[in-house]
Amino acid sequence: MRSEQSSYWFRASVRFRAHTRFRNGFLLLVLSVWGLTACGGELHGQDPFGGGPMDPFEARQPGSAPAAAPPFGQPPAAGAAGGEDVDPVVQAIRDWNPQTAEQLTRAMQAMLDHGRPDEALQYLKRILAANPGVPELAKLNQEFGSAMFMRLRRDGRVQPEGQQLADRVLSAAQQWSQDPTRLAGLVRQLSDASAERRVAALTDLRSAGLAAVNPILAVLRDPARGSEHANLRQALVELGGAFAAPLLAVLESDDAALKSQIIEVLGRLESRAAIPLLIQPAVDGDEDSAVTEAAQQALRRIVGAMPTRLEARHFLEHEVRRLLELSAAPDRTGSVEFWQWDAAGNQVVRLRVSAAEAAVVLAARLADDLFQLDSENADYRRLNLLANLEAAKRLGGLDQALAEGPGTAHAKAAAAGVAAVEDVLHEAIRQRSIGAAIGAAEVLGEIAGPELLSTSSASPSLLLDALRHPNRRLRYAAAMAIMKLNPQQRYAGSSFLVETLGNLASTTGQPRALVIHPREEFGQSLAGLLREVGYEADAVQTGHQALLAADRQPDYELVLISPEIDGPAYKEVVQLLRRNPRTASLPVGILARPEQLEAARQLADQDPLLRAFPRPHDAATIAFVIGDLLAVSPADRIPQETRQQQAAAALDALLTLARDPQRYGFYDLQRQQPQVEMALHQPALRERAAELLGLLGSPAAQRALVELASQHALPAEARQAAVQAFQHAVAERRLLLTTGEILRQYERYNQSATLDQATQQILGAILDVIESRWRAEQQALATQGQDAEKPPGSLD
């Protein structure tokens, strides 16, 4: 029996070897060893790969399916009686009975190469069921290579298990390669006495990628490990230019010893990206400083010469202005990788930012260097403050207040004084650096006084001028700054403040579009398509109607216009939209017929916010039009939550002015009543708007409050707030409802018998206010000897 089995082993291995000699070296080796072992009569001996003992072949009946692989960690089941000539490769792998994750992976790979994905899938399932940990999975990647697992991920024959295992292995490999403890050990190994171990450590660090930078920096910062520093600097050079980006961030550090070493490395790498950052320390540093010496040597190595002080200033100024111009341009490049120095953690950190944000942060760094070269230069000071404010607002968020504290852009601007910051505001508006303009307005609101709004000329101050800027965020920042200045006497341009606050307060809470088309049915059709893609839309037929709507509605994000409109024509409408600060930054799409398209495109070439499109006829096409228009000025888009927050702040500001007419009576708040009424339709703004209307107290305000309180579908709290505001309005301004409006309230009350008790009480409270005021007025008439009357519809 033993000899027969041995002979079978030999024949099986030789037969398989004949077919796979050039296909799979691993199987060839495995089966050759198995054959020799079997011929030696050691069928039940130990597996040559370190697994468990090999079992006899499983047998199956002719026509039956291959035996399923046993569960992970279990030996194969005993074969059934019979004498089928089974696939010797499959049988040999089964008899090997792989147990460890590495053995199972080898078996899976062998079965895939042999064209038996059904068998490979069984081994895959056993690996997944064993749930190996990160170290074991990472070892699989090291042993078999990531290419094999990438192929496994795409192999449709073994899914979804193939992708599951591949994802886990590749993820574990990444975790393992970037494990801080492991990386620290590799950094230490770079100074090993064995050249072979040093090379191996460098190879592994290169595989870890940029995660290796901080462990190396940690040692370079440690003077106690100075004996290792030369090897680490050499390693950074060997790792190559890909490591230069995080090393540039180290130049922000205050650690002179670390900076000088990194500058040396950058010089040896001949990193041209380092040139702007080396200018200031090379030209303006202490001659005895290690940083200065390293910067000078690095520049000579990279450029071949040292710049003069004048050349350095001109170079840095040009770079700062170039980067600021780049940051102000439309950004369609997506996010980029950017590195910064984290002073608290003494390490570099990787960020994902837009290309424009990366440009403005670098501009701020270089502007600091430029200002250090000549701190008496007013132009350099303005440029420095502008770049720092722009960078702070871009990274911190245009809708977030500037961060405060030592070293921040806010601190630098505040220290420069009111005149310097106002100068920055002017320059930022001129250069379209909206972030810097917003930041300057915020700082002025905190460090200036109401005298800032006074001017010897007839024109308003710069901060007031910002209230009429096309950018909504800047208008809001300027308005909030003026409220902080708290002027209590009339000043030139004071009407701009309440107009801006009213416009901000009248948000609808929904993104909106304006459609201008002479045919009403087509305009309504376009409005319907816009609603399908999430936009509220208003459709008008003439240019005059469009200009009125655009001026009144603050939430328009885009305009769609037909070349066929008149009163005025579409070209004139576009020009007038650009002249109005509230609509100047709106992207406009011309929806043209085929014969009009070329002329429309020629017009669009003259205006960066103008685009020409064929007429859309379905939601997919209108979605494309919207996407293209919004991409024109993405920085001007404001989320609806932010609009709501701005509206609430604007209403609070108007309430502050309305509550104290003695101090702020010079503001004409009545003109903002229509905008305040629009805020009544927003749940988050309703109670503020109701109180403000009560303070205004005009006939229209009283009517709006009564209408709000009478809508039983609204929350009771909002209706009660409207009644209280109405009561205040009547007490302060007397009852200004018409007889017809009063009669309408009695009808509502009489018809409320079937409504809830809260609604009946609210409607009754309205009548109580009306009748109480009526009685007071009639009593006053009676006192004067005149006949008193009952109120219209009185229940008495």
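Attention in this report is confined to the structure presented alongside it. Since the structure is predicted, the reported quantities are computational estimates derived from the model, not experimental observations. (Residues numbered from 1 in each chain as written. Predicted model: local features only at pLDDT ≥ 70, side-chain atom pairs only at ≥ 80, totals over all residues. Heavy atoms only, no water.)

### Points about the environment of A478
Among the structural elements, A478 can be located in helix 24 (residues 472–485). For A478, a relative accessible area of 0% gives the class buried. A sequence separation of 37 residues divides A478 from A441, and the C-alpha atoms of the two residues are 5.6 Å apart. Among residues more than four places away in sequence, those in contact with A478 are A441, L463, A466 and L467. (Helix = DSSP H or I, 4+ residues; strand = E, 2+ residues; numbered from the N terminus. Buried < 20%, exposed > 50% of the residue type's maximum accessible area, 1.4 Å probe, protein only. Contact = heavy atoms within 4.5 Å.)

### Brief notes about the packing of aromatic side chains
Geometrically, a pair of aromatic rings is defined through the distance of the ring centres and the angle of the planes. Counted according to the given criterion, the structure contains 3 aromatic pairs. Seen in terms of ring centroids, Y491 and Y667 are 6.2 Å apart; in terms of plane orientation they differ by 80°. Their pairing is edge-to-face. One end of the pair, Y491, is in the loop between helix 24 and helix 25 (494–505); the other, Y667, is in the loop between helix 32 (661–664) and helix 33 (673–679), and 176 residues separate them in sequence. With a relative accessible area of 8%, Y491 lands in the buried category. Given a relative accessible area of 7%, Y667 falls into the buried group. Taking the centre distance of 4.3 Å and the plane angle of 35° together, the rings of F666 and Y667 count as tilted. In this structure, F666 and Y667 share a single accessibility class: buried. Cluster of aromatic residues (ring-pair linked, three or more members): Y491, F666 and Y667. Here the guanidinium or amino end of R615 rests over the ring plane of F522, the centre of that ring lying 5.1 Å away. (Phe/Tyr/Trp six-rings, centres within 6.5 Å; stacked < 30°, edge-to-face > 60°. Lys NZ or Arg CZ within 6 Å of the ring centre and 35° of its normal.)

### Overview of the environment of G439
Its place among the elements puts G439 in helix 22 (residues 434–447). Spatially, the C-alpha atoms of G439 and Q400 are 9.9 Å apart, while their sequence positions differ by 39 residues. Contacts of G439, omitting those with residues within four sequence positions, involve L389, K393 and L402.

### Here we look at the packing of helix 24 against helix 25
Packing of helix 24 against helix 25 leaves a shortest axis separation of 10 Å and a crossing angle of 125°. Relative to helix 25, the element helix 24 is oriented oblique. Here helix 24 and helix 25 pass one another in a crossing that is left-handed. On helix 25, the residues that touch R472, R475, Y476, A479, M480, I482 and M483 of helix 24 are L497, T500, L501, N503 and L504. (Axes fitted to C-alpha atoms, helices over the stretch in contact; angles between N-to-C directions. Parallel < 35°, antiparallel > 145°, perpendicular 65-115°, else oblique. Left-handed = near helix turned anticlockwise from the far one by under 90°.)

### With respect to the sheet that holds strand 7 (residues 610–614)
Spatially, 4-3-5-6-7 is the arrangement adopted by the 5 strands of the open sheet, whose pairing is parallel. With partners counted over all chains shown, the strands left at the sheet margins are strand 4 (536–540) and strand 7, one partner each. The sheet shows a mean angle of 20° between the axes of neighbouring strands, taken without regard to direction. Sheet analysis places strand 3 (residues 512–516) next to strand 4, joined by 5 bridges and oriented parallel. Pairing of I516 across the sheet is with V540, part of strand 4. Across the sheet, helix 26 (residues 520–532) touches strand 3, strand 4, strand 5 (556–561) and strand 6 (588–592), and the angle it forms with strand 4 is around 170°. (Pairing = 2+ DSSP bridges.)

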